[in-house]
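# Geometric and topological summary
Next come the chains, spelled out residue by residue.
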Amino acid sequence: MTLVRTQLGRRAFIKNTGMAGGGLVLGFSFFNACKPKVAEAVAMELEMPETWYEINGYLKIGDNGVVTIMSPNPEIGQNVRTSMPMIVADELEIDWKNVVVEQAPLNTNLYSWQVAGGSRSISSSWQNLRMAGATARHMLKEAAAQAWQVPASEITAIAGVLTHEASGNSAGYGEMVSAAAQIEVPEEVELKKNSEFSIIGTSRKNVDGKKIVTGKPLFGIDVMREGMLIASLVHPPAFGKQLKSFDAEEVKKMPGIRDVFSVKLYDDDFDKMAFHFTAFNEVVVVVGETTWQVFQAKKALNVEWEDAPEVTQNLTLFGNEMKVKHPAGMEDSESHTKRLKELIASTAKVARRDGNPEQAFKNAAKVIERSYSCPFLAHNTMEPMNFFANVTEDHAELLGPTQTPEWMEVAVAERLGLPLEKVDIQMTRQGGGFGRRLYGHFMVEVAVISQRMSAPVKLVYTREDDMSQGIYRPSYYATYRAALDADNNLIGFHVKAGGIPESPLFANRFPAGSIDNYLAEDFTVDTNITTGAFRAPRSNFIAGAEQSFLDELAEEMGKDPIDFRLELLKRAEENPVGSPESNDYDASRYAGVLKLVREKANWGQNEAGVHRGVSAYFCHQSYVAQVLDVVMENDTPVVQKVTAAIDCGIVVNPDAASNLSEGGAVDGIGHAMYSGLTFKDGAPEQINFDRYRLIRHREAPKAVETHFVESDIDPTGMGEPPFPPIMGALANALYKATGRRYYHQPFITDKPPLIG
Amino acid sequence: MATYNLKINGKTQTVDVDGATPMLWVLRDHLQMVGTKFGCGIAQCGACTIHLGDNAVRSCQLPVSAVGDEEITTIEGLSEHGDHPVQKAWLEIDVPQCGYCQAGQIMSASALLKRNSSPTDDEIATAMNGNICRCGTYTRIKKAVKLAAENNS
């Protein structure tokens with residue numbers, strides 16, 4: 001696979017010319033720059049053609065009618081490797097059973113947003129994927145029209161067969177593809193109407209399913225290559241420490257060990273993106289023949305660490321410059337909590353102010369104030385960080401799990417001293433992402449090691465390396481206050497939120513816009529513990545806090561929690577506070593999922609012994625409402641069922657989307673209930689699954705039921721949105737079950753102080 | 001270093017390794033059988049589950065020297081054509097998200113069904129509790145185990 005850079009940037013790839021009668025008409029230009037390797041059949045029994053014809057960068061058609069569709073984005077478990085090709089196949093009009101899916105390499109000329117982040121894979125490529133299929137369909141029709149001497153407009157294309165009814169002509173795509181490949185790519189092409197979709201909106205099974213259940217090599221950690229060496233790193237055991245010295249003499253004599261050396265990842269003047277970043281710029285590397293030998297050698301290595309000075313990192317994020325200060329010193333959880341509590345009680349930065357909240361609180365007959373918190377979390381993808389590289393004098397091949405190949409390519413090229421076009425990055429299937437693999441320092445690490453060893457190298461982190469490396473979900477804190485008048489009306493609302501090192505506040509999300517007197521403030525605390533995006537960043541805390549507070553507020557006001565939210569949303573829809581643009585959500589769609597979950601969960605018809613909590617949230621352009629049922633078994637709350645209602649626009653692959661909803665619920669319950677990282681002397685106190693708790697089978701809800709809002713809106717996010725709200729539904733159901741409100745995650749350690 | 005003759009998936013495989021090497025790494029690095037996954041290295045996550053005889057064991061904590069004559073089955077050898085009832089049920093329910101833990105889940109589930117052909121929900125939870133799924137496919141795993149039990153009865 002060679003990357004060919006053309007003069008055409010990706011922005012020229014698609015130029016929207018707007019709507020035209022019947023369907024969406026788009027202007028664009030395709031480049032057949034990429035020559036994919038021989039496809040591997042999804043359905044292994046599928047017969048391969050003798051010749052493939054490339055129609056565009058997304059697909060090629062064989063002379064027997066089999067179609068290979070490239071899936072451009074990283075597959076981290078969100079199932080894009082199935083759902084993205086489904087979109088192409090639908091517009092192409094091909095029977096799904098004749099489709100072979102191939103992972104596309106990084107190619108910034110052909111594809112845009114080859115990122116697994118922001119729940120944007122489908123939404124950002126929706127039009128491109130459709131265009132790719134529709135163009136091919138158009139070219140096939142054109143080829144048939146020329147062959148049969150009939151107007152193309154009279155030809156139909158259904159399930160891979162071209163037909164001209166009047167003349168009685170008919171041909172499969174395979175018969176027409178060699179001619180179609182010669183047809184000029186149209187300037188414009190008509191897309192299907194939503195009502196004409198035949199694959200989009202139907203459930204299709206994971207294209208890698210068979211390989212997964214039979215243990216075929218699929219993941220980065222499975223990469224094997226002739227002459228490949230294994231590398232692993234030793235990084236400082238605590239944040240605030242750096243490498244002083246190491247003694248590798250004995251270790252170098254251990255069986256299978258090839259070399260031990262230290263590596264400095266980035267020069268001080270390297271212009272880093274936020275995704276390049278690592279806490280530990282200098283690490284010790286052990287290289288050997290087998291993984292076990294390398295892991296053993298690491299344990300035997302003698303390394304001395306020293307205190308690191310304060311550092312200010314200059315990072316760029318999507319063109320914005322940010323300065324991130326990492327203070328010197330060893331931090332601990334106790335001082336973190338103390339600092340957050342100090343700051344929540346002092347002044348913060350005003351993010352939004354509507355009406356006169358100070359006056360409202362002054363006039364209040366009653367003020368309700370509650371505080372919420374959550375700890376740092378490690379992403380803990382089941383597949384630990386790893387990557388393969390083979391760096392030669394003038395070329396670098398990288399292969400493995402990354403959520404951000406494009407952004408990491410820049411860092412790899414710069415560090416190796418190679419031009420961008422000499423760095424090829426391919427993606428394997430990935431054993432989880434959750435945001436962790438947005439930060440690809442391991443790609444730079446393995447590239448540097450391979451360059452130094454002049455050999456193909458696979459870098460493998462141990463679980464302990466992975467869990468102590470940083471890039472954690474930040475620790476957050478929030479205080480909510482509500483002002484009620486003598487008649488129990490809500491007259492003021494105040495949220496003050498902060499975190500280490502970022503604030504979780506979304507000042508313009510609900511309930512902003514629904515309350516006249518509203519104040520949102522936030523603050524941040526510097527730390528040398530590194531953090532990063534974790535499934536639904538910030539939302540993954542603030543949703544649960546806000547939705548727990550609204551539940552408590554509804555109870556205080558004597559209202560049903562769903563009715564209360566719907567009242568607020570009605571206000572936001574009919575007469576929003578602030579300008580219409582100032583509120584970040586669509587109140588009617590928000591209300592829509594609450595109404596749907598109310599109906600589907602039979603809210604209000606409670607069974608004896610079943611305690612219910614509700615929650616709803618908007619993020620990544622999607623709306624999710626969840627009802628969670630708890631029963632008490634032997635004085636222990638057990639989550640029996642979750643009912644979810646989701647509005648994510650058009651649902652491409654409903655069963656796969658349901659799987660994400662189920663996983664989101666399990667993930668949210670697990671992290672809110674059980675997980676947390678604590679720190680002592682700068683080091684995480686949990687570095688493997690013996691002390692770090694992840695939700696297990698027995699603790700998962702017995703059932704998760706998902707209902708999608710029927711929609712004609714283009715798809716919005718699905719990977720992240722089901723995760724944040726469930727934490728609120730859980731807290732609210734636990735309250736009903738136990739009589740106690742849970743404010744501080746993980747809830748298993750949120751115990752009231754001992755009295756008496 | 002020592003030579004071990006191992007019975008794996010019905011075939012005898014000879015490896016020359018340090019006796020302390022865990023079976024996980026013998027399989028992955030020495031025999032290029034990478035279906036068995038590395039997750040934690042301390043028998044807490046279940047990603048490396050294989051069968052030793054009829055029992056599900058964590059291969060990351062099983063030194064090659066302790067295997068002896070016992071028959072080992074890995075995900076690659078669970079069935080010849082990927083059609084073990086548990087594998088079929090996994091596909092039918094479309095269990096995986098990222099898929100990384102699923103080989104271990106399938107090995108735990110197939111060992112359970114071997115000794116208990118129709119497990120209750122509670123028995124499934126007990127047998128599967130040692131296998132972490134970070135994506136949270138537990139509800140589907142339970143459905144698939146029950147489906148495999150039904151189809152096999």
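Residues numbered from 1 in each chain as written. Chains lettered and ligands numbered in written order. Predicted model: local features only at pLDDT ≥ 70, side-chain atom pairs only at ≥ 80, totals over all residues.

## So, the overall build of chain B
Convention followed: Helical segments are the DSSP runs of H or I of at least four residues, strand segments are the runs of E of at least two, and each set is numbered from the N terminus. As a reference, a globule follows 2.2 Å times the number of residues to the power 0.38, and the radius of gyration itself is taken over C-alpha atoms. In this description, a residue-residue contact is defined by the distance between C-beta atoms placed from the backbone, which must lie within 7 Å.
What chain B contains, in helices and strands, is 5 helices and 5 strands. Tracing chain B from N to C terminus, the helices and strands come up as β-β-α-β-β-β-α-α-α-α. Whereas a compact globule of 153 residues would reach a radius of gyration of roughly 15 Å, chain B reaches 15 Å, a difference of no more than 12%. Once the C-alpha set of chain B is aligned to its principal axes, its extents read approximately 45 × 30 × 25 Å. Sequence separation of 24 or more characterises 61% of the internal contacts of chain B that already satisfy a separation of 6 or more.

## Remarks on the environment of Arg137(A)
Residues and elements named next belong to chain A. With respect to the element layout, Arg 137 can be found in helix α2 (residues 121–148). It is 7.3 Å that separates the C-alpha atoms of Arg 137 and Glu 91, two residues lying 46 residues apart in sequence. Each residue touching Arg 137, except ones within four places of it in the same chain, is listed here: Glu 91, Leu 92, Glu 93 and Ala 157.

## Description of the domain arrangement of chain A
In many reports, interface size means the accessible area that the parts give up when they come together. Residues and elements named next belong to chain A. As a reminder of what qualifies: Start and end positions for the domains come from either an automated domain assignment or a database one. Under the convention adopted here, Pro, Cys and the residues Ala, Val, Leu, Ile, Met, Phe, Trp and Tyr are nonpolar, Asp, Glu, Lys and Arg are charged, and Gly plus all remaining residues are polar.
If you check the domain split of chain A, you get domain 1 (10–214), domain 2 (220–312 + 385–460) and domain 3 (347–376 + 472–749). Contacts between the two partners involve 10 residues from domain 2, matched on the other side by 11 residues from domain 3. Grouping the constituent residues of the side of domain 2 that touches domain 3 by class yields 7 nonpolar, 2 polar and 1 charged.

## What to know about the domain arrangement of chain B
Residue and element names in this part refer to chain B. As far as domains go, chain B holds domain 1 (2–77) and domain 2 (85–152). Taking the mean C-alpha position of each, domain 1 and domain 2 sit 21 Å from one another. Each side of the interface is counted separately: domain 1 has 15 residues, and domain 2 has 13 residues. Counting residues per element, the ones that place at least two in the side of domain 1 that touches domain 2 are β3 (49–52) and β4 (55–58). Of the residues that constitute the side of domain 1 that touches domain 2, the class distribution is 6 nonpolar, 7 polar and 2 charged.

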